[in-house]
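Next come the chains, spelled out residue by residue.
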Amino acid sequence: MVTAVVALGCASNAVAEMESMSDQDLSGVSGQYGGMSLSGDVTFNESGGPLKGEAVGFDCGEGERCGARIAAQLNQGGGWIVLDDLQGTFEFMGLTLATRLINGDDTGFGGDAGDFNREVIEIGLPETARFTDFSYTMATSSTARPGDSDFRQVDRLTVEMGGDMTLDGNALIFPTEP
């Protein structure tokens, strides 16, 4: 058994011992937090320009910066919702991911929690998020890729953000049956 002694220097010295635990003893220990905390930054298309020379519907000529594209089809055979010309940096510190049981003890769901009685994914929003030259255009599109022959897109909203944003609360992701 290995024992470590740590001395803390303040007004008086304090001593603490650390002892190893067996796997069986350790399996009975429960931590206070049942998830993970993430910090990081995401930069979209820092160098700019279309990927693989593909036409993206924007002027991506010499010296122009065009952003990335994220496309999602919500119904099979339906249209596409896209985030287009996505560029800039999004930084966050302290985003948490955990599971949470929603059952009859949970009062925030108007009595529906008892019938649900399942776990959900809980995303704890970071206290501060920072945006640097961050922008995107939300649009609807007939195809996922602008290079497709029957491509038509309608831009709905363009967003440009810079600076700090204060976030508070949790987002819950509820599972659905396939």
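Look up: the structure comes first, before these words.
The rules behind these values
Residues numbered from 1 in each chain as written. Predicted model: local features only at pLDDT ≥ 70, side-chain atom pairs only at ≥ 80, totals over all residues. Heavy atoms only, no water. Core = buried A, V, L, I, M, F, W, Y, C linked by side-chain atoms within 4.5 Å. Buried < 20%, exposed > 50% of the residue type's maximum accessible area, 1.4 Å probe, protein only. Helix = DSSP H or I, 4+ residues; strand = E, 2+ residues; numbered from the N terminus. Contact = heavy atoms within 4.5 Å. Salt bridge = Lys/Arg side-chain N within 4 Å of Asp/Glu carboxyl O.

Participant: Where do I start with the nonpolar core in this structure?
Facilitator: Nonpolar side chains tend to gather and get buried jointly when the protein is soluble and globular. Of all hydrophobic cores here, the largest spans six residues; its members are Leu 86, Ala 129, Phe 131, Phe 134, Tyr 136 and Val 159. Among the elements that take part in this core, strand E7 (residues 128-141) stands out by supplying four residues, more than any other. If sequence neighbours within four positions are ignored, Tyr 136 has contacts with Leu 83, Asp 84, Asp 85, Leu 86, Leu 157, Thr 158, Val 159 and Met 161.

Participant: Can you help me understand the pattern of salt bridges in this one?
Facilitator: When the charged atoms of two side chains with opposite charge come close together, those side chains can pair. All told, the structure shown has three salt bridges when counted by the stated rule. In this structure, Arg 69 engages Asp 84 in a salt bridge whose closest nitrogen and oxygen atoms are separated by 2.6 Å. Of this pair, Arg 69 sits in strand E4 (residues 68-72) while Asp 84 sits in strand E5 (residues 80-102), placing them 15 residues apart in sequence. Under the relative-accessibility criterion, Arg 69 is labelled partly exposed at 21%. For Arg 130, the salt bridge is made with Asp 164, and the minimal N-O distance between the two is 2.8 Å. Separated by 34 residues along the polypeptide, Arg 130 in strand E7 and Asp 164 in strand E8 (residues 153-166) bring together distant segments of the chain. According to the relative accessible area criterion, Arg 130 is partly exposed, its value standing at 37%.

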